[in-house]
Amino acid sequence: MRVSQVLVPTLREVPAEAEVVSQKLMLRAGLIRKSAAGIYTYLPLGLRILKKIEQIVREEMDAKGGQEVLLPIVQPAELWRETGRWDVYGPEMFRVTDRHEREFCLGPTHEEIVTDLVRGEVRSYKQLPLLLYQIQNKYRDERRPRFGLMRGREFVMKDLYSFDRDEAGLAESYNKMYDAYTRIFSRCGLTFRPVEADAGAIGGSGGTHEFMVLADSGEAAVVYCPDCDYAANVEKAECSPHPIESETVNGEYERVATPDSKTIDQVSDFLGLGKHELVKSILYQGDDQIFLVLVRGDREINEIKLNNMLGPFVNLQLAAAETVRETLGCEPGFVGPINAAKDLKIVADLEVPLMKRAACGANQPDQHYVNVLPERDFRMDQVFDLRMVNAGEKCPKCGGSLQEARGIEVGQVFKLGTKYSKALNATFLDENGQEKPCVMGCYGVGVSRTIAAAIEQNNDKDGIIWPIPIAPFHVILVPVSMKDTQVAETADKLYEEMRKAGVEVIIDDRDERPGVKFKDADLVGYPLRVTVGSKTLAEGKVELRFRKSGEMELVKVEELTARVK
Ligand code: ATP
Ligand code: MG
Ligand code: MG
Ligand code: MG
């Protein structure tokens, strides 16, 4: 490629709207342009980077037996009604109506569509396991689209869905994906940690991991142990059982309606809990907030499943919560609003002190606490537990001292179980001719977010420093003057030679000053720069410079291609 012929509109100034470094640099390097909040155009170099990451993801999915498909973006509302998610997905879903007044959404995720496919095509255990994936745009009308590609409203995701015969099969698929994700992010040259992301109460422990790229601008807080492999997002860590002091309760509260056992069974079923498990805590969604609802059953509350709302596929829980609200026929007491985007962090910061205040009777209980009786409806220690694990505390695995870091969620693997296959009736006949629901998992990689995460980790004052596997080009060839025929001709010859040898090379053949070309090369972040100038050419050499270290060496013209290959 020739810089003179491609659209790489680099900017000297930092665009005013840009908040984080990756966003600033992607705009300045001419990789993307904004079209609307959270919606971007990829320019030629930006698209090359996206395609590189896609290709790495594709290879790793294929290596694990994934089969690539392309599912529709426009999805019929009926399918979402079957799982109950149409009414509860909330304002994050982009909805459209066709000329016949039929409702659709732009897919924020694809469980419904893919499960519908499988229910139509899979009959026998012999067709399982089935691992289907796609790489395409997702649509989420995020409350706060920001940070460029980091939190878009239209973004590129790889999503794979696994269908297995049983839990053991699911565990195998899950491990394959976990392994594939580890390979993907390593191949992208990123520093990351897989972290436990679920309290593990529903669907057993180890039900979900998030892959976090460690970077200060990350929106998530992660605690990790430097002495072993323990890592968790703070939500998970905060939810894990942790013995602490209990508080005495002086408040006077009305009793919350107690659901009868039939309701509990129905709800437990819907939530995918065991038949006799108690519905202990439920989340439901208001306009743009989520509330934690504590429903009292016939046992004491001993788990607050807050992070049911943190995974990608939380909305079934939200649907369930809505059902609870309806079936109870009353407004259950709830504990304050929780910010849907930052949920637990805010629970910890905002709600717990409020709870504490109300529980100790220090203030008039706020209207939020009507119908809630601490110790009867929930245990105070569990509530206070939400803020317990912090950096410096003991690692639950090895006793080491936990450290805190910020993380960017670039991927998540998730055991779904039979929630969707039951709701949509995606079943198969086992060896004994018995009909069983498929056991599912889902696994997402934020392909476009990974670009931003890579830049957050790899940049300096001059620009981006691409890890080689995802660099738009490996080498930029810079003739210092296009007017010097020897320089221009040598550069051109080298360009053709490298291209023939399969080197990913771009030549800056613009009639610009060398300073401008060098600045742009550093800004865009090509790993290697080759400068062709008359001084070194006099000795038959060109200058090779490494973007990352800044090191330079002189290489003989005839040895260059072999050197950079
Ligand atoms: P977040 O917690 O950041 O909102 P999520 O948990 O809602 O993400 P998932 O449903 O798990 O996201 O989707 C799989 C992956 O898609 C995420 O791990 C992330 O990398 C990416 N992703 C999710 N939302 C966005 C977005 N708005 N813009 C870009 N990438 C996103
Ligand atoms: Mg998340
Ligand atoms: Mg997620
Ligand atoms: Mg989200």
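Residues numbered from 1 in each chain as written. Chains lettered and ligands numbered in written order. Predicted model: local features only at pLDDT ≥ 70, side-chain atom pairs only at ≥ 80, totals over all residues.

1. Some remarks on the overall build of the protein chain
So, point 1. When its secondary structure is counted, the protein chain shows 16 helices and 26 strands.
So, point 2. Expressed as a percentage of its 565 residues, the buried residues of the protein chain come to 46%.
So, point 3. For the protein chain, restricting intrachain contacts to residue pairs at least 6 apart in sequence, the fraction spanning at least 24 positions comes to 72%. (Helix = DSSP H or I, 4+ residues; strand = E, 2+ residues; numbered from the N terminus. Buried ≥ 20, exposed ≤ 12 C-beta atoms within 10 Å, placed from the backbone. Contact = placed C-beta atoms within 7 Å.)

2. A look at the pairing of strand β1 (residues 32–36)
So, point 1. As paired elements, β1 and strand β2 (residues 39–42) share 4 bridges and run antiparallel to each other. Across the sheet, the residue bridging to Ala36 is Ile39, located in β2.
So, point 2. The hairpin formed by β1 and β2 contains 2 residues between the paired strands, and Gly38 there has a positive phi angle of roughly 75°. (Pairing = 2+ DSSP bridges.)

3. Description of helix α12 (residues 447–457)
So, point 1. Along α12, 11 of the 11 residues are buried, which leaves the element largely enclosed by surrounding structure.
So, point 2. The complete set of buried residues in α12 reads Val447, Ser448, Arg449, Thr450, Ile451, Ala452, Ala453, Ala454, Ile455, Glu456 and Gln457.

4. Describing the packing of helix α2 (residues 44–63) against α12
So, point 1. Taken N-terminus to C-terminus, the directions of α2 and α12 make an angle of 115°; their axes are 9 Å apart at the nearest point. In terms of orientation, α2 and α12 fall into the roughly perpendicular class. The two elements α2 and α12 cross, and the hand of that crossing is right-handed. Residue-level inspection shows Ile49, Leu50, Ile53, Glu54 and Val57 of α2 in contact with α12, the latter providing Val447, Ser448, Thr450 and Ile451.
So, point 2. Looking at the contact of α2 with α12 residue by residue, the class counts come to 6 nonpolar, 2 polar and 1 charged. (Axes fitted to C-alpha atoms, helices over the stretch in contact; angles between N-to-C directions. Parallel < 35°, antiparallel > 145°, perpendicular 65-115°, else oblique. Left-handed = near helix turned anticlockwise from the far one by under 90°. Nonpolar A, V, L, I, M, F, W, Y, C, P; charged D, E, K, R; others polar.)

5. Description of the packing of helix α1 (residues 21–28) against α12
So, point 1. Here α1 crosses α12 at 105°, and the two axes come no closer than 8 Å. With respect to α12, the axis of α1 lies roughly perpendicular. Across the interface between the two elements, Val21, Ser22, Leu25 and Met26 from α1 touch Ala452, Ile455 and Glu456 from α12.
So, point 2. Classifying every residue of the contact of α1 with α12 gives 5 nonpolar, 1 polar and 1 charged.

6. What about the confidence of the model for the protein chain?
So, point 1. For the protein chain, the mean per-residue pLDDT works out to 77, and 70% of the residues sit at or above 70.
So, point 2. When the criterion is pLDDT under 50, residues 199–206 qualifies, and its contacts beyond four places in sequence or with other chains add up to 18 contacts.
So, point 3. Predicted as a complex, the structure gets a pTM of 0.76 and an ipTM equal to 0.99. (pLDDT = per-residue confidence, 0-100.)

7. Remarks on the environment of Lys397
So, point 1. Relative to the elements of secondary structure, Lys397 occurs in the loop between α10 (380–385) and β16 (403–417).
So, point 2. As a C-alpha pair, Lys397 and Ala231 span 166 residues in sequence and 9.8 Å in three-dimensional space.
So, point 3. Non-local contacts of Lys397, meaning those with residues more than four positions away in its chain, are made with Cys225, Cys228 and Tyr230.

8. Looking at the sheet that holds strand β22 (residues 475–479)
So, point 1. As summarised here, the arrangement of the 5 strands in space is β23-β22-β24-β25-β26, forming an open sheet in which the pairing is mixed. Across the chains shown, the open sheet's two edge strands, defined by having one partner strand only, are β23 (505–507) and β26 (552–556). Across the sheet, the axes of successive neighbouring strands diverge by a mean angle of 25°, strand direction being ignored.
So, point 2. Of the pairings in the sheet, the one linking β22 to β23 comprises 3 bridges and is parallel in character. Counted as the bridge partner of Leu477 is Ile507 from β23.
So, point 3. Lying over the sheet, helix α13 (residues 485–500) contacts β22, β23 and β24 (528–532), oriented at roughly 165° with respect to β22.
So, point 4. Contacts between helix α14 (residues 514–524) and the sheet are confined to β22 and β24, with β22 contributing the most and set at about 175° to the helix.

9. Examining the environment of Ile451
So, point 1. Following the sequence through the fold, Ile451 ends up in helix α12.
So, point 2. Apart from the residues within four sequence positions on either side, Ile451 is in contact with Ile49, Leu50, Ile53 and Leu149.

10. So, the sheet that holds strand β5 (residues 94–97)
So, point 1. If you trace the 3 strands from one edge of the open sheet to the other, you get β4-β6-β5, paired in antiparallel fashion. Two strands lie at the open edges of the sheet, namely β4 (74–76) and β5, each paired on one side alone. Strand-to-strand twist of the sheet, defined as the mean angle between neighbouring strand axes without regard to direction, takes the value 40°.
So, point 2. Here β4 pairs with strand β6 (residues 103–106) via 3 bridges, running antiparallel. Note that in β6 the partner of Gln75 across the bridge is Cys105.

11. Brief notes about the nonpolar core
So, point 1. If you look at the biggest cluster of nonpolar residues, it comprises 108 residues, and the most contacted ones within it are Ile53, Val475, Leu477 and Val532.
So, point 2. Excluding its chain neighbours within four sequence positions, the residues that come into contact with Leu477 are Ala491, Leu494, Tyr495, Val505, Ile507, Asp508, Val530 and Val532. (Core = buried A, V, L, I, M, F, W, Y, C linked by C-beta atoms within 7 Å.)

12. Concerning α2
So, point 1. Over its 20 residues, α2 extends 28 Å from the first C-alpha to the last, a length consistent with the 28 Å expected when each residue adds 1.5 Å.
So, point 2. Burial in α2 covers these residues: Leu45, Gly46, Ile49, Leu50, Ile53, Ile56, Val57, Glu60 and Met61. Buried residues in α2, looked at end-on, bunch into an arc of 165°, giving them a common side. (Expected span 1.5 Å × (residues − 1). Arc of directions from axis to C-beta.)

13. Points about the pairing of β5
So, point 1. Taken together, the 4 bridges between β5 and β6 define a ladder with antiparallel strand orientation. Paired with Phe94 across the strands is Leu106, a residue of β6.
So, point 2. Counting the residues between successive antiparallel strands, the hairpin from β5 to β6 contains 5 residues, one of them, Glu101, with a positive phi of roughly 65°.

14. Here's the deal with the environment of Val74
So, point 1. Structurally, Val74 is set in strand β4.
So, point 2. Expressed as a C-alpha distance, the spacing of Val74 and Pro91, which sit 17 residues apart in the sequence, is 17 Å.
So, point 3. Setting aside residues no more than four positions away along its own chain, Val74 makes contact with Phe104 and Leu106.

15. Section: unusual backbone geometry
So, point 1. Cis rather than trans, the peptide bond between Leu128 and Pro129 has omega equal to 0°.
So, point 2. Counting through the fold element by element, Pro129 comes out in the loop between α4 (111–121) and β7 (130–139).
So, point 3. Unusually for a residue other than glycine, Glu101 sits at a positive phi of about 65°.
So, point 4. Among the secondary structure elements, Glu101 is positioned in the loop between β5 and β6.
So, point 5. The exposure class assigned to Glu101 is exposed, which follows from the 6 C-beta atoms found within 10 Å.
So, point 6. Here Asn425, not a glycine, exhibits a phi torsion of approximately 65°, which is positive.
So, point 7. Inspection of the secondary structure assignment puts Asn425 in the loop between α11 (419–424) and β17 (427–429).

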